[in-house]
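Residues per chain, in single letters:
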Amino acid sequence: MTTTDPAMRIRFGLTPLEQVGPWGGERPVLHWFGLTDGWYCVDLGGHEVLRYSERSVRRLRNGEEGRPQHPYVDYYVVRLWEDMIALVSGAMEPVPPDLLDVAAEFSPEWTWRDTPEAEAALNWHSAGFLYTDYLRVAPHIRCWRTVTDNVTDAGDTVTVAWEHRPDPEGVIEFAGPPTGRVTMPTSEFLAAVTAFDRELLAAMDRRIGALEASGPPPGAEVDTEQLRREHRDRATWLPRARDREPGTDWDAVRAGVRALLAPGLRGN
């Protein structure tokens, strides 16, 4: 039987519970966000976009950080989860054909304008980025949705593109191609985010259950009832994001794009 790798997959692992450090000074606390300490990677078109090069892994292991023991981004997994849900909430409205070129640009040559239309254009364009600025150096990742008259999956797609930025200090570099673009059916993109959501929530359910059974580790506080309340709330985030309709004012966006594009670029 032949299997085909999905165009997009999100993988992660959580740090063993006994190794998760609490937050706070005099009264250290274990909370939901901090309990997601771990690693993650976004695979696009067979490329591990958030995989460090072997050279960077060696330098990080030998440096002040004393980590990582794996080649992937080392951070709180919930950060990626929240930002993927933000993409579902803000970037799943199909882009009109006349704005697709702008949607695909990482850094349009905007000319500053302080108008409602310019703000609408900037808000629309920024909603397509997966937020990664909390990382020391990370690739730009952005997505946009295209819908044609074709009613099949081929006529409703999401494109995810990435672009690596060089590290001025020469420490951080990634193993994958410096740029790339993958187009997939919108259903496949949403399935990848949904799978990530379910897997993280299941892992956190087990983690909270372990704390309910054992109690807090020495030197830390944990409110398991609060953890359960937050867990139940977070289980609603993705469904609410999928149901949201941004209702973008495309006429305002078009006017803003025309005003923001520098002289000599398209649209002028």
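That block above? That's the structure.
Predicted model only: the values in this text are computed from it and were never measured. (Residues numbered from 1 in each chain as written. Predicted model: local features only at pLDDT ≥ 70, side-chain atom pairs only at ≥ 80, totals over all residues. Heavy atoms only, no water.)

Engineer: Explanation requested: helix α4 (residues 116–126) in the structure shown.
Structural biologist: An α-helix turns once every 3.6 residues. As a result, residues three or four positions apart point the same way. What α4 keeps buried is the set Ala118, Ala121, Trp124 and His125. Summarising the axial view, the buried residues of α4 lie within an arc of 130 degrees, below the 170-degree limit, and thus occupy one face. Buried positions along α4 lie against α3 (100–103), β5 (129–130), β6 (140–147) and α8 (250–260). (Buried < 20%, exposed > 50% of the residue type's maximum accessible area, 1.4 Å probe, protein only. Helix = DSSP H or I, 4+ residues; strand = E, 2+ residues; numbered from the N terminus. Arc of directions from axis to C-beta. Contact = heavy atoms within 4.5 Å.)

Engineer: Even after reading the chapter, I still don't get the packing of helix α2 (residues 77–90) against helix α5 (residues 186–214), so can you show me in this structure?
Structural biologist: Two quantities define a packed helix pair, namely the angle between the helix axes and the distance between the axes. Two numbers describe how α2 lies on α5: the axes approach to 11 Å, and their chain directions differ by 145 degrees. In this structure, the crossing between α2 and α5 has a hand that is left-handed. Across from Val77, Val78, Leu80, Trp81, Met84 and Val88 in α2, the residues of α5 making contact are Phe189, Leu190, Val193, Phe196, Asp197 and Leu200. A class-by-class count of the residues in the contact of α2 with α5 yields 11 nonpolar, no polar and one charged. (Axes fitted to C-alpha atoms, helices over the stretch in contact; angles between N-to-C directions. Left-handed = near helix turned anticlockwise from the far one by under 90°. Nonpolar A, V, L, I, M, F, W, Y, C, P; charged D, E, K, R; others polar.)

Engineer: What exactly am I supposed to notice about the sheet that holds strand β7 (residues 156–163) here?
Structural biologist: By definition, the strands of a sheet pair up through backbone hydrogen bonds, in either a parallel or an antiparallel sense. Taken together, four strands build an open sheet; the order of strands is β5-β6-β7-β8 and the sheet is antiparallel. Both outer strands of the open sheet, β5 and β8 (179–185), are each paired with one neighbouring strand and no more. Where β5 meets β6, two bridges bridge the pair, whose relative direction is antiparallel. Of the residues in β6, the one forming a bridge with Leu130 is Ile141. Running at roughly 105 degrees to β8, α5 makes contact with β6, β7 and β8 of the sheet. (Pairing = 2+ DSSP bridges.)

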